[in-house]
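Structural characterization, general
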Amino acid sequence: MSEQIDTVIIGAGQFGLAVSYCLTQHKHPHVILEKDRIGEAWRSGKWDSFTLVSPNWTLQLPGFPYQGDEPDGYLTREGVLHYLEEYASLFNPPVRTGITVTSIHDDAGEFIIEADAATYRAANVVVATGAFPKPRIPAYASQIASHIHQIHTSQYRNPTSLPDGAILVVGSGQSGCQIAEELYKSGRTVYLCTSKVGRIPRRYRGKDAFWWVNALGMFDQTVNTLTSPSKRFDPNPQLTGKDGGRSLNLHRFASDGVTLLGHLQGADGTTLAIAGDLMENLAVSDKAEAQFKKAVDTYIDQNNLQAVQDQFTPDLLTRYDSEVITELDLDKVGIRTILWAGGYRCDFSWIKYPIFDAFGYPIHQRGITEHPGLYFIGLMWLHKSKSNLFWGVAEDAEYIAEHLVKRTS
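For the structure given in this document, a descriptive report is provided here. (Residues numbered from 1 in each chain as written. Predicted model: local features only at pLDDT ≥ 70, side-chain atom pairs only at ≥ 80, totals over all residues. Heavy atoms only, no water.)

Overview of the overall build of the chain
For the chain, the count of helices and strands is 9 helices and 21 strands. Over its C-alpha atoms, taken along the principal directions, the chain stretches across nearly 65 × 60 × 40 Å. Burial analysis of the chain (409 residues in total) assigns 50% to the buried set. Look at the contacts in the chain between residues 6 or more apart in sequence, and 70% of them connect residues 24 or more apart. A total of about 18800 Å² of accessible surface is found on the chain, and carbon and sulfur atoms cover 49% of it. Here the chain contributes 37 positive and 46 negative side-chain charges, whose respective centroids are spaced 2 Å apart. (Helix = DSSP H or I, 4+ residues; strand = E, 2+ residues; numbered from the N terminus. Buried < 20%, exposed > 50% of the residue type's maximum accessible area, 1.4 Å probe, protein only. Contact = heavy atoms within 4.5 Å. Areas by Shrake-Rupley, 256 points an atom, 1.4 Å probe, with all protein chains shown as cover. Lys, Arg positive; Asp, Glu negative; His and termini not counted. Charge placed at Lys NZ, Arg CZ, Asp CG, Glu CD.)

Next comes the structure, spelled out in structure tokens:
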């Protein structure tokens, strides 16, 4: 027995809620299917001290802009959950929790949404499960000795939750750097496998980095301007909103005692093969910050803005002179935990439509697929650079909802 519903939204995070709000404004019937609770990814997939990297003024869900007294602050994990719960109380979205969708397929032009305990038929489906639902852990992780504890960032909670001993963090994106900093500041010995990730300063010339990114038009850069489809997956720059927000710098990490390594290539028992690209990775971070500052300086000059001059500070370890390690014996250096911080990967295998590219990513235009009635929201670069941020949710949700309503009216 199946239930007939006009529109089904899958996922009750910020993206699904935003589409629901817009459809509610149009008085369009719909339901949201959610396997856990509203905002569950923020509740169970983030560590205890997590904060947003984007400042609070970027919280702009449709019909619910940030109204607190700290627009330049950064919400904690609990703050994000509170914001989403307040948003839901604003319009009481038709959320059905405890429902895990297992597949979507076609039957005579209708969408059949199979769930663990029910089946739904719908004219429209909006997939709002996020861009990368599956943790990315390399296949060679299975070749690492069993006495080494392995954990993904989505499972990490705090330093005391990890076994005693040194810790290897694999990946120097935002999450990897934020967790590595927390670990070494708690007194843990930390090794960090770096990758080619840029950094930008938390504040520059008197403004938060996000203020400048917005002023420079970088948030409104559209996906068609990218030089390659793979650029959609470039990591976000190293930055943190913790403790009021600050810059992250791998050179500072090294001066504070973190052992920096190149990217991890493979494993055999307790022996890890490390690429010799540490210096190259550091250079990528340094270059990204220099380019960002130059772009801001140029913008200030071209627009005759009155902006403060940052006080000069000497570069941190401009010549990293420690040994470049290419092989690491985990037991010898006392590493008992590997924390995988390589992000997440696509997994839309449960959607049984031929609408995916070579990356396993949905083929679409602003979230609208070639299969009538099938939509996506919350993807990296859905339309603009900001599409997967709170800052860009409203624009995408409003566009998709308007298209959906017109299609079915």
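Focus: the environment of A358
On the secondary structure map, A358 appears in the loop between strand 20 (344-345) and strand 21 (374-376). With relative accessibility at 84%, the residue A358 sits in the exposed group. Residues A358 and P229, spaced 129 residues apart in sequence, show a C-alpha to C-alpha distance of 9.9 Å.

Overview of the environment of S247
The topology assignment puts S247 in the loop between helix 5 (209-215) and helix 6 (250-255). Overall, the relative accessible area of 37% leaves S247 in the partly exposed class. In sequence terms S247 and P201 are 46 residues apart; their C-alpha atoms lie 5.0 Å from each other. Sequence-distant contacts of S247, defined by excluding residues within four places in its chain, comprise I200, P201 and R202.

Quick notes on unusual backbone geometry
In this structure, R205 takes a positive phi of about 50 degrees despite not being glycine. Considering the arrangement of structural elements, one finds R205 in the loop between strand 13 (203-204) and strand 14 (207-208). The residue D243 is not glycine, and still its phi comes out positive at about 55 degrees. On the secondary structure map, D243 appears in the loop between helix 5 and helix 6.

Some remarks on the sheet that holds strand 10 (residues 149-152)
Strand pairing within a sheet occurs via backbone hydrogen bonds; the two strands may be parallel or antiparallel. Pairing within the open sheet is parallel, and its 5 strands lie in the order 10-19-11-12-15. Every other strand in the sheet has two partners, leaving strand 10 and strand 15 (259-261) as the edge strands with one partner each. The sheet shows a mean angle of 20 degrees between the axes of neighbouring strands, taken without regard to direction. Bridge count between strand 10 and strand 19 (residues 335-340): 4 bridges; the pairing is parallel. Following the sheet pairing, H152 is matched in strand 19 by W340. (Pairing = 2+ DSSP bridges. Axes fitted to C-alpha atoms, helices over the stretch in contact; angles between N-to-C directions.)

Details of the nonpolar core
Counting residues in each nonpolar core, the largest one holds 88 residues, and the members touching the most others are I104 and I113. Excluding anything up to four places from it in sequence, I113 contacts V8, L33, V101, S103, I104, A118, T119, Y120, A122 and V125. Judged by nonpolar contacts, the second largest core, of 21 residues, contains A141, V170, Y191 and C193. (Core = buried A, V, L, I, M, F, W, Y, C linked by side-chain atoms within 4.5 Å.)

Here we look at the packing of helix 1 (residues 14-25) against helix 9 (residues 390-408)
At a minimum axis separation of 8 Å, helix 1 and helix 9 run at an interaxial angle of 45 degrees. By the criterion of interaxial angle, the relationship of helix 1 to helix 9 is oblique. In terms of crossing hand, the pair formed by helix 1 and helix 9 is right-handed. For the pair helix 1 and helix 9, the contacting residues are Q14, F15, A18, V19, C22 and L23 in the first and F390, V393, A397, E398, A401, L404 and V405 in the second. (Parallel < 35°, antiparallel > 145°, perpendicular 65-115°, else oblique. Left-handed = near helix turned anticlockwise from the far one by under 90°.)

A few points about the pairing of strand 8 (residues 119-127)
Each regular strand displays side chains that alternate between the two surfaces of the sheet. As paired elements, strand 1 (residues 2-10) and strand 8 share 8 bridges and run parallel to each other. For I10, the partnering residue across the bridge sits in strand 8 and is V127. When strand 7 (residues 110-115) meets strand 8, the two strands line up antiparallel, connected through 4 bridges. Bridged to E114 within strand 8 is T119.

Brief notes about a positive patch on the surface
A contiguous patch of positive charge, built from K35, K134, R136 and R345, is present on the exposed surface. Note that R136 resides in the loop between strand 9 (134-135) and strand 10. Residue R136 is classed as partly exposed on the basis of its relative accessible area, which comes to 41%. (Patch = residues over 30% accessible without salt bridge, like charges linked within 9 Å, V, L, I, M, F, W, Y side chains within 5 Å. Salt bridge = Lys/Arg side-chain N within 4 Å of Asp/Glu carboxyl O.)

Some remarks on the state of the cysteines
Evaluated as defined, the whole model comprises 0 disulfides. The cysteine C177 is free of any disulfide, with C193 supplying the nearest cysteine sulfur at 12 Å. Residue class for C193 comes out buried when judged on its relative accessible area of 2%. (Disulfide = S-S within 2.5 Å.)

Looking at the pattern of salt bridges
Under the criterion given, the structure shown has 27 salt bridges. Ionic pairing is found between R205 and D297, a salt bridge with its closest N-O pair at 2.8 Å. Taken together, the positions of R205 in the loop between strand 13 and strand 14 and D297 in helix 7 (residues 278-302) put the pair 92 residues apart, joining distant regions of the chain. For D297, a relative accessible area of 23% puts it in the partly exposed group.

Considering the sheet that holds strand 16 (residues 264-268)
Across the sheet, which stays open at both edges, the 3 strands sit in the order 16-17-18 with antiparallel pairing between neighbours. If you trace the sheet from one side to the other, it starts and ends with strand 16 and strand 18 (327-329), each paired once. Here the strands of the sheet are splayed against their neighbours by 20 degrees on average, with no regard to which way each runs.

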